[in-house]
Amino acid sequence: MARFHQLAVTDVRKTIRDAVVVSLKPVNDGDFDFTQGQYLTFRRDFDGTELRRSYSICAGKTEGILQVGIKRVEGGAFSSWANETLKTGDTLEAMEPMGSFFTPLEASAARNYLGFAGGSGITPVLSILKTTLAAEPHSSFTLVYANRGVNSIMFREELEDLKNLYMGRLTIIHVLESDAQDIDLFTGRVDAAKCKALFEHWIDIASIDTAFICGPEPMMLGIAASLREHGLDDTQIKFELFASAQPGRLKRRARAGDDAAAAKTTEASVTLDGTARSFTMDKDQTVLDAALENAIDAPFACKAGVCSTCRCKVLEGEVEMVANHALEDYEVQQGYVLSCQSFPVTDRVVVDYDQ
Amino acid sequence: MTEDMSIESYLSQGGKLTNPTNVPPRYRAELMKMMATFVDSELAGAAGFADVINAGPGIKERIAAAKIVLEKTDNADRVLRLLGEFGADTARYATSHPWTARLPRDAGPGTHRSEHDMRLSVLNYPLSGWTDAVVMNLCMGLAVGAQLAEMQKVSYQPLAEAIRKVAPVEARHVELAEEGLARLMEQGQSDAIAAALAYWRPRVAAIFGDVAGHRFEQLSAWGLRHQNNAALLQGWNDALNAALARLGVAA
């Protein structure tokens, strides 16, 4: 099961006005020997509420350093804190590297890679391109990098340096949404039409072995559609998505009521797929079994408290969870329970599978 | 680059999700059910086949059976690791159910699942000897092939990738079954094969039970399903009939 380890912050560097690159070093344990394109999940307590946030590693595998890029998100508690307060000498907690946004590398391979990055989506793509160019001396990499304007390009100088270091093997195309460029093609958004135009004159799409895409949802859809249209299949297209909806904003949870527990039955209300259903259930029955008995197609798999498929949130009342091998403390604090292990304690219980 | 798009709308347009951090709760639950069904079926299948190793009539057959047990367990592990990324306790999961438990042999075909795990219903029936096991492996292997082809298109990219690694291994198990059946046919076992086929065919067919229309719609809007069960069932019937024809077994 996921475990957190301590990482010492050895450097915090601004790359643009609202993004920092944080260098980290494991304090005592944990295997942080990452693969290019992977991410770290951090946790931190903000006013009594634990927040978790995932950030991609931006360092190359051969650089011998662990670094993540953190772009400030409007209203994002963790990213604001990292950009304003985090400093060298601090300690962060993170899980070991995770993710499968990579393909295996071979020194003898001569492949052509194509990367698309939108804004801070550059972080894993940067790790991939640095690692690939170092590990496969005969391969080439083309990066299409979308940003709002020149000022918001993360790692701009570093990319220039890499272009000089890997002359002829690294091509970078900057596409800017609002700043006009010499070539019209490089202005605007990277969507299916833009890809089509790029594939006509600038990128030999037929020669591409693998494409990596990391950016906002609409951009990923447009690029993927265009790549498929130009003959790439699903095995050749690798995605990484950190949606803007990633839970990162602080929210106070509704307090559970303290009804006195006397009756043997409970008035239960269960919400699933937007529909709330109410029924009376026995207190010696699990919330999951009662829901299933009442013809609600509640999710479950192991019924043994180990898999967490049956997770739901208690909005009102209280339940007793007799076993829990899957939810972590912070989830329980937020009101999540394993419904296969939860028995009502109060006379009224409201649970929601949609949250 | 901060245009807003809901995850639902992204998924309905064929978008892929790539890690547990941003899957919506209901998507998470359905995805985990799907993964648990796969893991439980592989573990139950491997457990059932383990007992058959010693029934193999020769060393080649025993090697084939042992290989199937090993590789199905390995395939379960691949997907169980993904469940672990969602918080499942993988060590406890692997031993949380009696994977060898079966219904009585004469239990009628049906889609009823065991109360205790998510294995496909067919894996609740016991094998009865070598020929029976080989026939079951062919019928079920082809059904697994149809389901894995579907799962390779799933919108959760890490699962699609895991299944792409698993699918050729499972396809090889079907080849082993076909080779085994060819040998049994040479040995004049066609009556025993026909009896086993009559037992297993309806039980395997039952795993393609109906998914209610609205549920399938929801699952396909999330990119978790693409072809409906009727189409998968048809594909499986065709593949099985073709294999039986190659072997000279009456369908």
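Residues numbered from 1 in each chain as written. Chains lettered and ligands numbered in written order. Predicted model: local features only at pLDDT ≥ 70, side-chain atom pairs only at ≥ 80, totals over all residues. Heavy atoms only, no water.

**A few points about helix α4 (residues 192-201) of chain A**
Residue and element names in this part refer to chain A.
No. 1: K194, C195, L198 and F199 are the residues of α4 that are buried. Down the axis of α4, the sector holding all buried residues measures 135°, keeping them to one side. Along α4, exposed side chains directed more than 90 degrees from the buried face belong to A193, E200 and H201.
No. 2: The secondary structure elements touched by the buried residues of α4 are β7 (112-118), β8 (140-147), β9 (170-176) and α5 (217-229). (Buried < 20%, exposed > 50% of the residue type's maximum accessible area, 1.4 Å probe, protein only. Helix = DSSP H or I, 4+ residues; strand = E, 2+ residues; numbered from the N terminus. Arc of directions from axis to C-beta. Contact = heavy atoms within 4.5 Å.)

**Topic: the packing of aromatic side chains**
No. 1: Considering all chains together, one arrives at 15 aromatic pairs over all chains under this definition.
No. 2: Between A:Y55 and A:F78, the ring centres sit 5.8 Å apart and the planes meet at 35°, which makes this aromatic pair tilted. A residue pair is termed long-range when its members are at least 10 positions apart, and A:Y55 in strand β4 (residues 49-56) and A:F78 in helix α1 (residues 77-84) qualify at 23 residues. In this structure, A:Y55 and A:F78 share a single accessibility class: buried.
No. 3: A cation sits over an aromatic face here: A:R44 above A:F46, 4.9 Å from the ring centre.
No. 4: The lysine or arginine in question, B:R105, covers the ring of B:Y199, its NZ or CZ lying 3.6 Å from the ring centre. (Phe/Tyr/Trp six-rings, centres within 6.5 Å; stacked < 30°, edge-to-face > 60°. Lys NZ or Arg CZ within 6 Å of the ring centre and 35° of its normal.)

**A look at the nonpolar core**
No. 1: A:L114, A:F116, A:L227, B:L138 and B:L159 are the most contacted members of the largest nonpolar core, which totals 115 residues.
No. 2: If you tally residues by element for this core, the top one is helix α5 (residues 129-151) of chain B, at 14 residues.
No. 3: Looking at this core, you find at least three residues from each of domain 2 (112-240) and domain 3 (265-352) of chain A.
No. 4: In contact with B:L159, other than residues within four places in its own chain, are B:L31, B:M34, B:M35, B:V79, B:L82, B:M151 and B:V154.
No. 5: Judged by nonpolar contacts, the second largest core, of 27 residues, contains A:L126, A:F155, A:I172 and A:C214. (Core = buried A, V, L, I, M, F, W, Y, C linked by side-chain atoms within 4.5 Å. Domains from an automatic or database assignment.)

**As for the domain arrangement of chain A**
No. 1: Domain boundaries assigned for chain A yield domain 1 (4-95), domain 2 (112-240) and domain 3 (265-352).
No. 2: When each unit is reduced to the centre of its C-alpha atoms, the spacing between domain 2 of chain A and domain 3 of chain A is 45 Å.

**So, the pairing of β9(A)**
Residues and elements named next belong to chain A.
No. 1: Of all seven residues making up β9, six are buried, and the element is well covered by its neighbours.
No. 2: Relative to β9, β8 is paired through seven bridges, and the arrangement is parallel. Looking at β9, one finds that F141 is bridged to L170.
No. 3: What joins β8 to β9 is helix α3 (residues 156-165), and the crossover it makes is right-handed. (Pairing = 2+ DSSP bridges. Right-handed = clockwise from strand over helix to strand, strands pointing away.)

**Section: the sheet that holds β8(A)**
All names here are of chain A.
No. 1: The parallel open sheet is built from five strands, whose spatial order is β9-β8-β7-β10-β11. Taken across any chain shown, the strands that pair with only one partner, and hence form the sheet edges, are β9 and β11 (237-240). Ignoring strand direction, the axes of neighbouring strands in this sheet form an average angle of 15°.
No. 2: Where helix α2 (residues 122-135) meets the sheet, its contacts fall on β7, β8, β9 and β10 (210-214), and the angle it forms with β8 comes to roughly 165°.
No. 3: Sheet strands in contact with α4 are β7, β8 and β9, and its direction is about 150° off that of β7. (Axes fitted to C-alpha atoms, helices over the stretch in contact; angles between N-to-C directions.)

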